[in-house]
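# Survey of secondary and tertiary structure
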Amino acid sequence: SFREDTDTSESILRLEGSRDRGPLTMDAAIEGAFNSLDSNVALEENGVPADVPGSDAEVEEQRLEGSIGTTWRRDSELALETSLRIETSTLRQRGDTVSSESFVYVKPRLALTRDWGESVQVRAEIQRDVGQLDFADFVATASLDTSDVTAGAVSLRPPQAWVASAAFERRFSSGGAVVIGLAHELIDDVVDHVLIEQDGELFDAVGNIGNGTRTTLTLEVGLPLTPLGWPGARFTSSVAWRDSHVTDPTTGEGRRISGDELVEGELALTGEQWGGKLGWG
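In what follows, the accompanying structure is described. Quick caveat, the model's predicted, so the values are computed rather than measured. (Residues numbered from 1 in each chain as written. Predicted model: local features only at pLDDT ≥ 70, side-chain atom pairs only at ≥ 80, totals over all residues. Heavy atoms only, no water.)

Glancing now at the overall build of the protein. Along its length, the protein carries zero helices and 18 strands. Taking 281 residues into account, the globule formula puts the C-alpha radius of gyration at 19 Å, and the protein, at 24 Å, lies well above it. With respect to the principal axes defined by its C-alpha atoms, the protein has extents near 70 × 50 × 40 Å. Pairs at least 24 residues apart make up 60% of the contacts formed inside the protein by residues separated by at least 6 positions. Surface summary for the protein: the accessible area is close to 16500 Å², and the carbon and sulfur share equals 53%. Between the centroid of the 24 positive side chains of the protein and the centroid of its 49 negative side chains there is a distance of 13 Å. (Helix = DSSP H or I, 4+ residues; strand = E, 2+ residues; numbered from the N terminus. Rg over C-alpha atoms; globule rule 2.2 N^0.38 Å. Contact = heavy atoms within 4.5 Å. Areas by Shrake-Rupley, 256 points an atom, 1.4 Å probe, with all protein chains shown as cover. Lys, Arg positive; Asp, Glu negative; His and termini not counted. Charge placed at Lys NZ, Arg CZ, Asp CG, Glu CD.)

A separate point is the nonpolar core. Soluble globular proteins: nonpolar side chains tend toward being buried together. The biggest cluster of nonpolar side chains holds 31 residues, and the ones touching the most others in it are L37, V59, L91, F135, F138, L156 and V190. Those elements that provide at least two residues to this core are strand 2 (24-45), strand 4 (56-74), strand 6 (99-116), strand 10 (160-171), strand 12 (191-198) and strand 13 (201-208). Contacts of L37, omitting those with residues within four sequence positions, involve T6, D7, T8, A57, E58, V59, F135, A136 and V139. (Core = buried A, V, L, I, M, F, W, Y, C linked by side-chain atoms within 4.5 Å. Buried < 20%, exposed > 50% of the residue type's maximum accessible area, 1.4 Å probe, protein only.)

Despite not being glycine, N46 shows a phi value in the positive range, around 55°. By relative accessible area, N46 is classed as exposed at 82%. Positive phi values are uncommon outside glycine, yet D75 reaches one of about 55°.

Before going further, it helps to examine a negative patch on the surface. The grouping of E4, D5, D7, D38, E45, D51, D56, D96, E197, D199 and E201 at the surface amounts to a negative patch. Ranked by residue count, the leading element in the negative patch is strand 1 (residues 2-21), at three residues. Positionally, E201 belongs in strand 13. (Patch = residues over 30% accessible without salt bridge, like charges linked within 9 Å, V, L, I, M, F, W, Y side chains within 5 Å. Salt bridge = Lys/Arg side-chain N within 4 Å of Asp/Glu carboxyl O.)

On to the pattern of salt bridges. Taken as a whole, this structure holds 21 salt bridges when the rule is applied. Note that E65 is salt-bridged to K107, the shortest N-O span being 2.5 Å. With a gap of 42 residues between them, E65 in strand 4 and K107 in strand 6 connect regions that are remote in the sequence. Considered together, E65 and K107 belong to a single accessibility category, that of buried residues. Here R171 ties to D115 by a salt bridge, and the two come within 3.8 Å at their closest N and O atoms. In this pair, R171 sits in strand 10 while D115 sits in strand 6, placing the two residues 56 residues apart along the sequence.

With that settled, the discussion passes to the pairing of strand 10. Both faces of the sheet carry side chains from a regular strand, because those side chains alternate between them. In this structure, strand 7 (residues 120-130) lies alongside strand 10, joined through eleven bridges in antiparallel fashion. Among the inter-strand pairings, V120 is bridged to a residue of strand 10, identified as R170. (Pairing = 2+ DSSP bridges.)

The subject of this paragraph is the environment of L195. Structurally, L195 can be placed in strand 12. Exposure remark for L195: the relative accessible area of 48% places this residue in the partly exposed category. For the pair formed by L195 and T150, sequence separation is 45 residues and the distance between their alpha carbons is 9.5 Å. When neighbours within four sequence positions are excluded, L195 is seen to be in contact with F203 and T250.

Moving on, we get to the packing of aromatic side chains. When we look at a pair of aromatic rings, we describe it by the centre distance and by the angle of the planes. Under the criterion given, the structure shown has three aromatic pairs. Each ring, one from F135 and one from F138, has its centre 5.9 Å from the other, and the planes form 85°; the classification is edge-to-face. Of the two residues examined, F135 and F138, each falls in the buried class. The residue whose ring lies beneath R114 is W116, and the NZ or CZ to ring-centre distance is 4.5 Å. (Phe/Tyr/Trp six-rings, centres within 6.5 Å; stacked < 30°, edge-to-face > 60°. Lys NZ or Arg CZ within 6 Å of the ring centre and 35° of its normal.)

Following this line, the structure appears as structure tokens:
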């Protein structure tokens, strides 16, 4: 049997403002967040309590971020965006694990957008990105149908990455569009699976496993089928080809980052009939 009692909360306060000076727009923002989790879980096997790391977890995060940015536009064809964000956070754990860690991250961003008429747009961007932790990773879980037990994370740090991306968008007069995107990430502190040993037993858990890379190619298509003789119908698709690499902490061998599928996406065919009275998909 497995029992879990978890309370979570999230509070965010954000203030922002902007000002235009001709072709230049300046903006600034400050955001504060407080996240907490209080969880207690119990696992029994044949009536005997089983000790699992992360059964008693209390986690608090205090985060403060300030940002300044500018956007410069030349006519309606060229736009240059720059911004700088500084994030500070403190993460405290109590329960099975007692720890307190503070982080400071500097996150610059530079983006360039170029339009050729109303049909073609090219975008390029480079930025420093910091992910947010999933508090559920700190809590032990058990899957009774497969007998899999996952321990709670210990001293987890958010992943950080330098991300360079580019996109080409072609819009059609019929209302359709095709977007091709390419992004490459250099990731620090990849969050993935690790092994935890306690009292001679091994548990699967979530932890930081070092540096990794990820390259993603995306194709998005939206085409109305009215010009093909199918009034009210529309075809849309979003497909991503993703290649990632990280060194497995247990085997020492290279592999994809957990959860990264080589190809994933969706295709959709939707439409309306009788003046919008009937919708189908």
